[in-house]
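Residue-level structure breakdown
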Amino acid sequence: MINKNINYYVNGEPIETDAVIELDNSILDYPQPLSEFEDFNVMLMENSIKMTCEFSDDDMVIGFGQTVKGLNKRGSELISFCADEPEHLPNKRSLYGAHNFFVILGETVTGYFIDFPGEIKYDIGFIHKDIFNIIIEGVDVKLYKIKGDTLKSVTKTFLEIIGESYVPPKWGFGYQQCRWSYETADDIRKVAKEMRDSKIPCDTIYLDIDYMERFKDFTICDEKFPDFKTFVDDMKKEKFRLIPIIDAGVKIEKGYSLYEEGTDEGHFCENEEGKPFVAAVWPGLVHFPDFFRKETRQWFGNKYEMLISHGIEGFWNDMNEPAIFYTPKKLKDFYDHVESSMEKPLDIYSYFELMSKVENLSNNPEDYKSFYHYIEGKRIRHDKVHNLYGYYMTRSAAEGLENIDSEKRFLLFSRASYIGAHRYGGIWMGDNESCWEHIELSMKLLPAINMCGIMYTGADTGGFQGDVSSELLIRFMQFSLFTPLMRNHAALGTRDQEPFAFDKATVDILRNVIELRYALIPYLYSTYMKSVKERSVYASNLIMEYDDPRVKEIEDQLLIGDSLMIAPIYKQNRRGQVVYLPEKMLLWKAKDYMVEDTLLLDKGDHFIENSLEEVAMFIRPDKGIILGRVAETVEEIDPSIVSFLAFIDTEINETFYDDDGYTKAYKNDENQSLKIEIRKEDSYLTTQVVFDHKSRVEVVNIIVFDNENIRFEGRVTREKSTIILEKVSKNEK
Ligand code: GLC
């Protein structure tokens, strides 16, 4: 339990969100009144709370998780209200997640987490550049203030109090292929075959809404997917796992068991009159399960069993903001409006009115005010707890999966989220576009989302909406290869986006990129698990690590774990870019996973040439990464042999984490660590590898560069775990 550096404030009677679960009772039991919160001027009003403070010149505001904004949110307006927002434009104020954790970084460093499940508006120096205004649309709120010396320490304390992040099965780090939709089993068989024929590693293929019988959750369309169990088994024989989508809305249809049971047992959200609330999503008219009720979570969560009994091991939960295409009520208003306007001329005003009626049919704020949940027996209007809906759907699934098989790790991620959901699953970044700006956006999202505890995340690689070009897909993949979730997904009606669907030269490059991903999995997985266990972030902006004024504005270079910096290309036709190194580093330009093209670079600015087939990676001094042997799937990566690529300045002490990858034994610290030490002795290097008795590694091939750019190599085995590394060459490049 944690109690350091935290002040805890409460106003009213906040709804329990279970976002913060590891805070000492000596703090939780004695909250201070919010009116005594001194950092902001707090105005308690009848139905809302306004908090205001003035920025100092140099204050930066970092955090807020999933937003379209960059590293420093100062100058932005944001609204924390989970939104089904397919247009990730720079002026958008909400996306799918509500992540109310931010850090003000200036003379002092302070983190704040506003634990409130309704809407919060943030004007972060937008209207007035030095004024930070927060409007909380309610009066029952918890606020945590976290003090620390650095952004890193404040973030760590926050990650400590919100509890351990979700851990996917290791195969969730493989390359994943999605599409809206592979409509039939044969379509999927074809994709699987093409992947294998083109020798592209791949672990999973996704089932989007068309696998269901008319979009009904927990059904399978027999016509398109006959004998589903055999199909899943066949795909497993081909070494593919299938990941079906589950949507929040349950189709209203007589005889459909989920609908019948949900109605009989009272699991659906109610409208004002106490009848099940009706909205329309993919299946047509639906009811929404009231995931706020424990019994409903159990009921819905246990339904995943049907798919699991067919051999399914992972799910993505969608449309759980919840997205509403329209409600019958709003549709009727619209039709009435059209009817009454028919006879009148459509002038400019009535035209705009008509258009706005259409636009406001979906996700209408009034609709969110017209249904109710039961929270511990109390009826609460949806908009007041809106931001928890997706979180509780993910929780329902995770609790169900735990109940079905408590030892197994399932793949699980969601579209909507709130802090707390990070313990149950990951998120994907939603419906982006095939455009260059969305590589850049994904680079902004990854560290910000990680700061809020959600480690398992990634973008629809290649872009969801619109057609992708081959160059864009290559560059997108070259970034996504570093994200925990590496999934290519594209929308209905867009061109084929699978890596094999391109010209031969592109396919060759994409294969190399995906193979590089598989080679890096030992390092990426170790980094992921360390972030979970040590309560650090998986990916971070440089500002998290370096006390260097230059890095404050750098958001297109990221640190992946402790050892690696990346600087992905995110502009069309760019074949090189200026990269700032806050310290000297070893550059590895990987055309594939063979360590050939390396170069030692000093601290400072460098123009790094970067051809289309190259991925630039930078290894920090006295750090290294481990690489595995490439295989068709994660399961097939040979665990007995790894390479260690490092850059020695003074000495190296690295520990890499591994585990069985499937069970929850990691929770009992059952790991298989590998410790690698390298020392300098006059003109040579010695290395010692400590193989944990559980580690499956038998051989470590070492490649180390020293400060003079000299390459040393050696092969360490269990039998010979201390060796002198041989000087191989001076790298002339
Ligand atoms: C939503 C999801 C998208 C999915 C589509 C159809 O737009 O965000 O990923 O493909 O629905 O299910």
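In this report, we go over the structure that sits alongside the text. Every value quoted in this text rests on a predicted model; they were computed, and no experiment measured them.

Description of the sheet that holds strand 6 (residues 76-80)
In spatial order, the strands read 3-4-11-10-6; together these 5 strands make up an open sheet with antiparallel pairing. Looking at which strands have only one partner, the edges of the open sheet turn out to be strand 3 (41-44) and strand 6. Recorded for the sheet is a direction-independent mean angle of 10° between the axes of neighbouring strands. With 5 bridges joining them, strand 6 and strand 10 (residues 120-124) adopt antiparallel strand pairing. In the sheet register, Leu 78 faces strand 10, and the bridge partner there is Tyr 122.

Looking at the pairing of strand 43 (residues 710-717)
Within strand 43, 6 of the 8 residues are buried, which leaves it mostly tucked inside the rest of the structure. Hairpin connection of strand 42 (residues 699-705) to strand 43: 4 residues between the antiparallel strands, including Asn 709 at a positive phi of 70°.

Here's the deal with the packing of aromatic side chains
Summed over all chains, the structure comprises 54 aromatic pairs. Aromatic side chains Trp 299 and Phe 300 sit 6.2 Å apart centroid to centroid with 65° between the ring planes, which places their arrangement in the edge-to-face category. For the pair formed by Trp 299 and Phe 300, the shared burial category is buried. Over the ring of Tyr 206 we find Arg 487; its NZ or CZ atom is 4.8 Å from the centre of that ring.

What about the nonpolar core?
Among the nonpolar cores identified, the biggest contains 224 residues, and Phe 618 and Val 700 are the most heavily contacted of them. The contact partners of Phe 618, leaving out residues within four places of it in the chain, are Ser 563, Leu 564, Met 565, Ala 567, Val 579, Leu 581, Met 585, Leu 586, Leu 587, Leu 601 and Ile 608. Counting 25 residues, the second largest nonpolar core, distinct from the first, contains Val 42, Val 61, Phe 64 and Phe 102.

Considering the environment of Leu 524
Mapped onto the fold, Leu 524 is located in helix 15 (residues 504-534). Leaving out residues up to four positions away in the same chain, Leu 524 has contacts with Phe 173, Leu 481, Phe 482, Arg 517, Tyr 538 and Ile 560.

Describing the site of the ligand
Lining the immediate environment of the ligand, one finds 13 residues, of which Asp 208, Asp 318, Arg 415, Asp 431 and His 489 sit closest. Side-chain polar atom of Asp 208 to an oxygen atom of the ligand: 2.5 Å apart, as the coordinates give it. In this structure, Arg 415 approaches the ligand through a side-chain N or O atom, which is 2.9 Å from an oxygen atom. In the complex, 97% of the free accessible area of the ligand, which totals 310 Å², lies under the protein chains. Of the residues that constitute the shell around the ligand, the class distribution is 8 nonpolar, 1 polar and 4 charged.

Reading the values: rules and limits
Residues numbered from 1 in each chain as written. Predicted model: local features only at pLDDT ≥ 70, side-chain atom pairs only at ≥ 80, totals over all residues. Heavy atoms only, no water. Pairing = 2+ DSSP bridges. Helix = DSSP H or I, 4+ residues; strand = E, 2+ residues; numbered from the N terminus. Axes fitted to C-alpha atoms, helices over the stretch in contact; angles between N-to-C directions. Buried < 20%, exposed > 50% of the residue type's maximum accessible area, 1.4 Å probe, protein only. Phe/Tyr/Trp six-rings, centres within 6.5 Å; stacked < 30°, edge-to-face > 60°. Lys NZ or Arg CZ within 6 Å of the ring centre and 35° of its normal. Core = buried A, V, L, I, M, F, W, Y, C linked by side-chain atoms within 4.5 Å. Contact = heavy atoms within 4.5 Å. Near = heavy atom within 4 Å. Polar contact = N/O pair within 3.5 Å; in protein donor to acceptor, adjacent residues only side chain to side chain. Areas by Shrake-Rupley, 256 points an atom, 1.4 Å probe, with all protein chains shown as cover. Nonpolar A, V, L, I, M, F, W, Y, C, P; charged D, E, K, R; others polar.

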